[in-house]
Structures are given as C-alpha cells and as structure tokens.
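Structural description and commentary
Below are the chains, spelled out letter by letter.
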Amino acid sequence: MEITDKFCLESIDEKYQVYALVSKTLNTVFLSTHIKFEGKTITFLREDMKTWRRSPNLKAKIKELSDAKDFYIGLDYQVSCGDEYNSVIASYKNQGYKVLGCPKLIKSNKIL
C-alpha cells in the first residue's frame with residue numbers, strides 16, 4: 001500500500017474496526033469505527049439507534065435501516081488510515097449501497 005496522506009503516516013500501526021450496519025434489501029449501510037459498537041447485539045443496536053442525535057431526515061433513514069428484517073452488523077474490514085476507510089466507503093457505494101451520514105475515521109476509535 002502506498003501511503004499518500006498525513007493521517008496514514010501518523011497512524012499506520014493503529015487499526016480501526018469498521019462496523020457496517022447493513023440491510024441488503026434496502027441497499028443501505030451506516031459505517032462507523034466507533035468503539036461503542038464492539039460486542040453489541042442487533043437488539044441493543046436497534047434500541048440505541050433510536051437515541052442518536054441526527055437531523056430528522058437522517059434519523060428517519062436510520063430508523064428504517066434498524067427496522068429492516070435483514071439488518072445485521074458487518075465486521076469485514078479493519079483499516080489503518082483514512083484512505084483505507086474511504087476505500088471501504090467506495091466499495092459499498094460501488095456495490096450500489098446508499099451510505100448514510102458522513103462516515104469519518106476518528107483517531108480515538110482505534111482497537112486497543
């Protein structure tokens with residue numbers, strides 16, 4: 001991998017778990033590296049997602065995602081920098097998924 005951005009250079013030894021909250025029937029995904037998702041169940045997330053502070057429009061889309069019968073947590077990716085995270089986002093978009101929100105890689109969310 002060629003390192004092209006400053007963030008990659010600073011965090012190459014760190015890993016971030018990408019949590020993909022997915023519904024294939026809706027072709028929708030919510031991506032995050034937030035450590036609060038670690039070890040959580042679908043039941044917990046469905047309740048927790050109701051409390052997220054988002055715009056009314058995004059909140060409605062998140063509710064639709066969490067209510068989907070095929071809602072699941074994908075743990076297929078770990079990334080070490082922003083470029084890799086952007087590649088994961090692009091991968092979902094290229095597969096036809098609508099990515100909810102504005103996923104960001106936050107340094108404090110690294111795997112300990």
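Remember, predicted model here, so these are calculated numbers, not experimental data.

What follows concerns the overall build of the protein chain. When helices and strands are counted, the protein chain shows four helices and four strands. Reading the protein chain from its N end, one meets helices and strands in the order α-β-β-α-α-β-α-β. Expressed as a percentage of its 112 residues, the buried residues of the protein chain come to 38%. Nonlocal contacts in the protein chain, meaning residues at least 24 apart in sequence, comprise 68% of its contacts between residues at least 6 apart. Here the protein chain displays about 6900 Å² of accessible surface, and carbon together with sulfur accounts for 52% of that area.

Judged by nonpolar contacts, the single largest core of 14 residues is most densely connected at Val29, Leu31, Val79, Tyr85 and Tyr92. Elements represented by at least two residues in this core include exactly β1 (16-23), β2 (28-32) and α4 (82-94). In this view, Tyr92 contacts Ala20, Val22, Val29, Leu31, Tyr77, Tyr97 and Val99; residues no more than four positions away in its chain are not counted. Counting residues in each nonpolar core, the second largest holds 13 residues, with Leu45, Met49, Trp52 and Leu58 among its members.

Once that is clear, we can look at the layout of surface pockets. When its volume is computed, the largest pocket comes out at roughly 300 Å³. Around the largest pocket, the lining is made up of 18 residues, and of these Phe30, Leu31, Ser32, Arg54 and Cys102 lie nearest the centre. With three residues, the top contributor of residues to the lining of the largest pocket is β2. Within the lining of the largest pocket, the residues separate by chemical class into ten nonpolar, five polar and three charged.

Strand order in this open sheet of four strands is β3-β1-β2-β4, and the pairing throughout is mixed. Strand pairing shows two members of the sheet lacking a second neighbour, β3 (72-79) and β4 (98-99), which therefore form its edges. Across six bridges, the pairing between β1 and β3 is antiparallel. Note that in β3 the partner of Leu21 across the bridge is Ile73. Seen against the sheet, α4 touches β1, β2, β3 and β4 and runs at an angle of roughly 140° to β3.

This paragraph deals with the packing of aromatic side chains. Tallying each qualifying case throughout the model produces five aromatic pairs. Seen in terms of ring centroids, Tyr19 and Phe37 are 5.7 Å apart; in terms of plane orientation they differ by 50°. Their pairing is tilted. Here Tyr19 is found in strand β1, whereas its partner Phe37 is found in the loop between β2 and α2 (42-49), with 18 residues between them in sequence. With a relative accessible area of 7%, Tyr19 lands in the buried category. In this structure Phe37 comes out as buried when scored by relative accessible area, which is 5%. Joined through ring pairs, the aromatic side chains of Tyr19, Phe30, Phe37 and Trp52 make up one cluster. Here Lys40 stacks its cationic end above the ring of Phe44, 5.3 Å away from the centre of that ring.

Calculation criteria
Residues numbered from 1 in each chain as written. Predicted model: local features only at pLDDT ≥ 70, side-chain atom pairs only at ≥ 80, totals over all residues. Heavy atoms only, no water. Helix = DSSP H or I, 4+ residues; strand = E, 2+ residues; numbered from the N terminus. Buried < 20%, exposed > 50% of the residue type's maximum accessible area, 1.4 Å probe, protein only. Contact = heavy atoms within 4.5 Å. Areas by Shrake-Rupley, 256 points an atom, 1.4 Å probe, with all protein chains shown as cover. Core = buried A, V, L, I, M, F, W, Y, C linked by side-chain atoms within 4.5 Å. 1 Å grid on protein atoms, 1.4 Å probe; cavity = no way out; pocket = protein on both sides within 12 Å on 5 of 7 lines; lining within 4 Å. Points joined across faces, edges and corners; volume = space filled by probe spheres on them. Nonpolar A, V, L, I, M, F, W, Y, C, P; charged D, E, K, R; others polar. Pairing = 2+ DSSP bridges. Axes fitted to C-alpha atoms, helices over the stretch in contact; angles between N-to-C directions. Phe/Tyr/Trp six-rings, centres within 6.5 Å; stacked < 30°, edge-to-face > 60°. Lys NZ or Arg CZ within 6 Å of the ring centre and 35° of its normal.

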